[in-house]
Every structure is written in C-alpha cells, then in structure tokens.
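Each chain, written out:
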Amino acid sequence: MNQTAFAPWDDPAAKPLIQFRDVTKRFGTFTAIEGLSLDIFEKEFFALLGPSGCGKTTMMRMLAGFEDVTEGQILLNGQDIAPVPPNKRAVNMMFQSYALFPHLSIWDNIAFGLRRDRMSKDAIAARVEEMLRLTRLEKFARRKPHQISGGQRQRVALARSLAKAPKLLLLDEPLGALDKKLRQDTQFELMDIQETTGTTFVIVTHDQEEAMTVASRVAVMDEGKLMQVATPDQIYEAPNSVYVADFIGDVNIIEGKAAQTGDKVTIAWAEGQPDIQGTTATRTFSPGQTCHFAIRPEKVAISADKPDAPNALQGKVLDIAYLGNISTYHVELPTGAVIKAQTANTRRIARRSFTWEDPVWISFSDTAGVLLEH
Amino acid sequence: MRRFALIAIPYFWLLALFLVPFLIVLKISLSDLALARPPYLPQWNFGDGWEALRAFFADLDMENFVFLSEDDLYWRAYISSLRIAVISTVITLLVGFPIAYGIARSPVEWRPTLLMLIILPFWTSFLIRVYAWMGILSKEGLLNQFLLWLGVIGEPLTILNTNTAVYIAIVYTYLPFMILPIYAALDRLDDSLLEAAEDLGCSRIQAFWLVTIPLARNGIIAGCFLVFIPAIGEVIIPSLMGGSGTLMIGKVLWEEFFSNRDWPVASAVAIILLLILIIPIILFQRNEQKQREAEG
C-alpha cells in the first residue's frame with residue numbers, strides 16, 4: 001500500500017473515530033485543557049507532543065476514563081464516552097510505568113484483561129500465545145515482570161494492552177524508560193505492530209524525534225491548547241507559529257518588518273544589513289507588520305566567497321558543534337545576531353574548510369524559510 | 001578480620017542473650033524440684049571436678065516432660081492458647097486491614113499524623129493501658145455506664161474476666177503490629193496498577209481482590225505472625241482480664257513459677273512453648289526472605 005494514500009484527515013467524507021468537541025478540563029482553578037477540538041481517525045498513529053505540563057497526559061487520561069471532562073464532549077465512534085467507566089471502554093492504555101502486575105507471570109499479565117471478559121480458556125490461551133508471538137516474548141511467558149529487562153517489560157505492557165483488541169490504544173510515553181538505541185529499534189517495532197493490528201494508536205510523548213518517527217499526524221500542544229495538528233513533514237517544513245517551529249528541531253528566527261508584493265516578501269530586519277527575501281503563498285502581511293522569518297540550519301549554506309543567492313549575509317564563525325555526521329556552525333553577524341548553519345561532513349574532519357573566527361558568507365534561497373506572524 | 005568482628009557481634013549477642021539462657025532453662029527443666037535455693041537439684045560447681053559432673057548429668061531426666069503429658073491441664077492450656085491466638089489474629093486482621101488501607105489511601109500530608117496516632121499509645125506503659133481497659137470494661141465501668149445511659153441494656157454486661165475481655169485487650173495491644181506491615185505493603189502499591197486493572201476491565205472491587213490483596217499479601221502475613229507469636233505466650237492480659245475459665249499457657253507458666261515455685265515444671269512448660277513457637281517463627285522468616293528475594 002502506498003503510504004501517502006493514507007490521509008483520512010484530508011477526506012471530508014471520512015468519519016473520525018474520536019472527536020474532541022470544545023473540551024475543557026479544569027483541576028480546581030487550574031485549566032489543563034482549554035476549549036480543545038480535535039478529530040482522530042481510524043488506523044491513525046496519532047502523536048500528542050508537547051513539553052511537560054502542556055495537558056497531553058490529561059487528554060489521554062480523559063480518553064481512558066480516569067479523568068472527567070469539565071466541559072465539552074469526547075465522542076468515540078459518534079458516542080459520547082463520558083458515562084462509560086474505564087473498565088467498559090473499548091480503549092486500552094499502555095502506562096508510562098508499564099504498570100505490570102508484579103505478582104503475575106508475563107502470561108497471566110497478558111491474560112488479565114481477557115479473563116475479565118469471561119472468554120473460554122482455549123480462546124484466552126490462543127490470544128495470549130498470539131500476543132506473545134507478536135511481541136516476541138514466547139520464551140519469557142513463565143517469568144515474573146522483575147525477572148525480565150526493561151525493553152521486554154515494555155513489550156509485555158504493549159502485548160497486555162493490545163490483547164483485548166481495543167479500538168483505540170493509548171500509549172503514555174511508551175519508550176521513556178528505554179535507552180536511546182533500544183528506543184529507536186522499538187519505535188519501528190511499534191509502527192510494525194500498529195500496521196499489523198490495524199489499531200488506532202494515540203501516543204503521548206515529549207520527544208519530538210519519536211513523534212516525528214512513528215506518527216501519521218502530530219499535534220503540538222502548549223498550555224492546554226493545540227498549536228498545530230499536521231503530518232510530521234508539514235510540522236517541520238511548514239510550522240504555523242514560532243512556537244511550533246522552535247519546538248520541533250533547530251531553527252533560526254529572524255524578526256523584522258515586512259513589505260509584501262504578490263507572494264514575495266522583503267523583511268527589513270537590521271540597519272546596514274540587506275533585507276531578507278522570502279516567499280509566502282498563504283499569508284499576507286500589511287506593510288510594516290512584524291514578521292518572523294524561520295529557517296532551518298540545514299537550509300543555510302556556508303561559504304568563503306560571496307555566493308550568488310537571493311539572501312547572502314557576511315559574518316564570522318563563532319562556534320562549531322561537531323556531531324560526527326554533521327557540523328553546526330554558529331555564525332555571528334555584524335549586528336550580533338547568531339545564525340546556525342549546518343553542513344554534512346562528507347569530508348574527513350582534518351580537511352574542514354572553516355575554523356573559528358574565519359570570515360564566512362551564509363546564504364539561503366528565498367523559498368527556504370517560512371514567514372510567520374507570531 | 002574486620003568482617004569476622006562484624007559478624008561476631010550479632011552472634012555473640014545471640015549466644016549471650018538467647019542460647020545461654022535457653023540452655024539454663026533447659027537444664028532446669030531436666031532437674032528435680034527441691035526445697036532449696038535455687039529450688040531445684042542437682043547443682044554443680046566448677047570446683048567439684050569430673051566425678052561430680054558425671055553424677056550431675058546422671059541426675060538429669062525427662063520426668064517433668066512426662067508429667068506435662070500426663071496432666072491434661074497443660075495440653076488444654078496449649079490448645080486454648082493457640083485457639084485464643086488464632087481468633088485474636090483474625091479479629092486483629094479484620095480491624096487492622098481497613099485502618100491500614102484507609103491510611104495508605106489518605107492524602108499524603110495526613111499519613112504521618114495518622115501513623116503517629118497508631119503508634120502513640122505505645123508511649124504509655126502497657127500495664128497502665130491494660131488497667132485502663134479494666135476500668136472501661138468492668139461492671140461499673142465506662143462502657144456499661146454509657147450503654148445503660150443510652151438505654152441499650154437493662155443491666156450491666158459482664159465483660160471483664162471473660163474471654164471476650166482477653167480478645168479485646170489482645171486486639172487492642174497488637175493492632176499496631178498488624179497495621180504497620182500492611183500499611184507498608186499498601187503504601188508501596190503503585191496507583192497505576194489499579195488503573196491498569198480497571199483499564200483492562202476490572203470493576204473497583206475486582207481490582208481490590210485481584211491486585212490490592214495479592215500485593216498486600218506479604219504485609220498481611222507479616223502482620224499476622226507479629227500478632228500471633230506474642231499472643232500465644234501472653235501472660236499479663238489473661239491474668240488481669242481473663243476469668244477463671246481463661247486458660248492460657250502463659251498464665252499457667254506464671255503460676256508454676258511464682259505460686260507453686262516449681263521451677264523445673266515451669267521450665268519444661270517454657271521449653272514446649274518455645275518448640276511450638278519455632279514453627280510459626282520459621283514460617284515468618286521464610287516469608288520475609290521470599291519477599292526480599294521478590295523485590296531483589
């Protein structure tokens with residue numbers, strides 16, 4: 001199946017699996033979620049991304065049924081889920097701490113939810129074996145949770161929450177407790193399992209790389225509000241605000257006054273410096289309006305001679321961050337502003353073209369950056 | 001050498017305070033009653049030499065243990081003690097578990113205060129607290145006066161000097177030993193486990209039986225042993241609050257020592273009691289060790 005074909009959010013006829021309708025959640029006087037509306041579609045891998053305290057976990061707990069909705073509605077398949085207690089919802093959750101029952105074996109942990117459904121013994125056994133196979137845990141079925149590794153525990157938690165074949169699986173920071181290497185492998189495993197089972201996944205994470213890797217769509221949250229909901233590439237390439245641009249990846253933000261003709265915008269940002277040339281297809285800036293030009297470091301080129309480019313600024317190398325595969329140069333402009341430029345290290349380090357204090361030119365095309373109002 | 005010294009201290013402690021007294025009691029239990037001071041024979045002095053030592057050992061016998069098995073008073077006292085200890089333990093568990101559960105579920109800032117309230121009575125003398133209970137439970141006591149005033153009863157209840165009074169006092173005295181280990185187990189219980197159980201389809205009550213109780217199991221077992229073991233040998237409560245019908249081995253032991261001045265028989269009673277207690281103590285130790293291993 002072609003990956004790009006899956007985009008129910010662009011299809012006006014598609015019926016969402018979950019709908020948040022003007023949902024507000026307050027704890028006492030603190031507002032955790034404010035008037036939030038959101039549609040999540042079947043078979044989506046949806047990521048809620050934001051700094052801690054942004055309300056993403058609260059949203060998940062409302063879906064699971066552990067928190068009530070103060071105002072508004074959450075619909076699952078068109079039904080309001082407010083009166084349904086957590087144990088009756090077709091929603092399962094994988095907890096951040098995994099919450100494996102320490103007194104039960106891996107097998108019994110996975111069978112726990114199935115037993116509550118009064119399934120026959122054979123049906124339970126068959127389903128547990130299937131889950132063990134799916135998560136490659138067959139060898140550990142008889143062990144207790146404290147006798148297996150962190151990565152294995154993570155898979156048990158996943159198997160247990162998938163065993164009841166929920167319509168919706170919630171994952172609360174599922175990979176938070178794993179080290180980086182294991183986390184990367186597990187991300188792909190999660191995607192495979194999501195595809196195999198066809199379950200809708202909603203994942204909560206504060207790790208933007210993780211969200212970008214696994215999700216079909218990402219919702220960036222801040223202080224109880226959705227800042228942007230879009231596919232990972234749109235979030236990265238076309239952020240709708242400085243907050244989103246800054247939260248996802250590395251970015252240079254240049255603030256200035258806009259002057260627009262058609263889709264071309266020139267930004268006067270500092271005296272004695274050439275204006276920045278940008279393009280925008282979607283926004284209109286009134287003359288003199290404050291405008292933020294956001295450009296990713298990898299889209300900024302660095303050279304010794306003045307290049308032939310719509311935007312070229314002179315400065316000197318302030319700092320070099322060597323990351324192995326890439327290097328990030330911090331270039332200080334005469335105004336004191338520092339622009340980050342990234343280059344792939346295709347050559348050996350001994351032959352690096354620039355070093356500290358070198359005068360350099362940085363340049364970028366007029367379509368490389370994004371123009372943002374706020 | 002330092003490691004040896006470190007281990008030697010607790011072993012010396014056990015040797016001096018447990019093994020040596022035990023051997024002395026064992027020796028007395030094998031002796032005969034005598035009108036002497038101390039009131040038993042044979043005696044042995046270091047200066048008497050080997051011949052006297054051989055004679056000393058020849059004089060020791062199992063006569064007192066045979067006597068214990070012949071007089072059914074002792075057997076009935078042991079059985080009765082066990083029964084009273086078991087029943088008190090069950091009642092203490094039924095009272096203590098809800099209290100421990102309540103404290104563990106209470107707001108964090110309240111817990112130290114509530115625990116303090118459980119421990120606080122221990123800062124007064126045990127004897128004074130037993131006397132206070134006598135004041136409450138006696139015929140003219142607070143409880144009867146209160147019930148008469150309410151009109152619930154027409155004439156005072158006889159509670160003091162019955163087995164009921166013994167149960168009340170044992171439950172009251174040993175309640176903290178039940179509450180504290182259960183609280184410790186429940187306090188460690190991660191709330192997300194209960195949420196996970198609910199998420200997987202349990203009602204709250206099912207989650208309690210399937211998650212809370214199994215995870216509090218070690219605390220419950222520890223609490224039960226901590227109540228059961230001292231309750232078997234309890235002396236003061238049955239003496240002061242029990243009636244003539246209350247038969248407990250601790251009381252029998254006390255009377256043999258101080259009323260009959262029959263130290264050898266009293267020592268034999270004590271040795272048998274210790275043998276009876278060793279079984280639950282070993283079980284208790286095994287439970288503790290299993291718990292430590294599980295937490296690994």
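Being a predicted model, the structure only gives us computed values, none of them experimental. (Residues numbered from 1 in each chain as written. Chains lettered and ligands numbered in written order. Predicted model: local features only at pLDDT ≥ 70, side-chain atom pairs only at ≥ 80, totals over all residues.)

S.K.: Looking at this model, I keep getting lost on the overall build of chain B. Mind explaining?
M.R.: Across its full length, chain B carries 13 helices and two strands. Here the C-alpha atoms of chain B give a radius of gyration of 24 Å, more than 25% beyond the 19 Å that 2.2 N^0.38 yields for 296 residues. Overall, chain B is about 80 × 65 × 35 Å in size when its C-alpha atoms are taken along their principal axes. Among the 296 residues that make up chain B, the fraction classed as buried is 30%. By sequence separation, contacts in chain B at least 24 residues apart represent 70% of the contacts at least 6 residues apart. (Helix = DSSP H or I, 4+ residues; strand = E, 2+ residues; numbered from the N terminus. Rg over C-alpha atoms; globule rule 2.2 N^0.38 Å. Buried ≥ 20, exposed ≤ 12 C-beta atoms within 10 Å, placed from the backbone. Contact = placed C-beta atoms within 7 Å.)

S.K.: Is there a simple way to think about the interface of chain B and chain A in this case?
M.R.: Often, the extent of an interface is quoted as the loss of accessible area on bringing the components together. The partner chain A presents 18 residues to the 15 residues of chain B that form the contact. Put simply, the parts of the chain that give the side of chain B that touches chain A at least two residues each are α9 (191-199) and α10 (204-232) of chain B. Looking at the side of chain B that touches chain A residue by residue, the classes come out as seven nonpolar, four polar and four charged. (Nonpolar A, V, L, I, M, F, W, Y, C, P; charged D, E, K, R; others polar.)

S.K.: It is not clear to me how the pairing of strand β10 (residues 225-230) of chain A should be interpreted in this structure. Could you clarify?
M.R.: Both faces of the sheet carry side chains from a regular strand, because those side chains alternate between them. Across five bridges, strand β9 (residues 217-222) of chain A lies against β10 of chain A in antiparallel orientation. Opposite M221 of chain A, over in β10 of chain A, you have L226 of chain A as the bridge partner. (Pairing = 2+ DSSP bridges.)

S.K.: Quick question: what am I supposed to make of the nonpolar core here?
M.R.: In terms of nonpolar packing, the biggest core is built from 94 residues, with A47, L63, I110, A159, L170 and V202 of chain A touching the most fellow members. The greatest single-element share of this core, amounting to six residues, is contributed by helix α2 (residues 106-116) of chain A. In this structure, this core is formed jointly by two domains, domain 1 (3-243) and domain 2 (251-372) of chain A, each of which donates at least three residues. Residues A169, C224, I237 and V252 of chain B belong to the second largest nonpolar core, which totals 52 residues. (Core = buried A, V, L, I, M, F, W, Y, C linked by C-beta atoms within 7 Å. Domains from an automatic or database assignment.)

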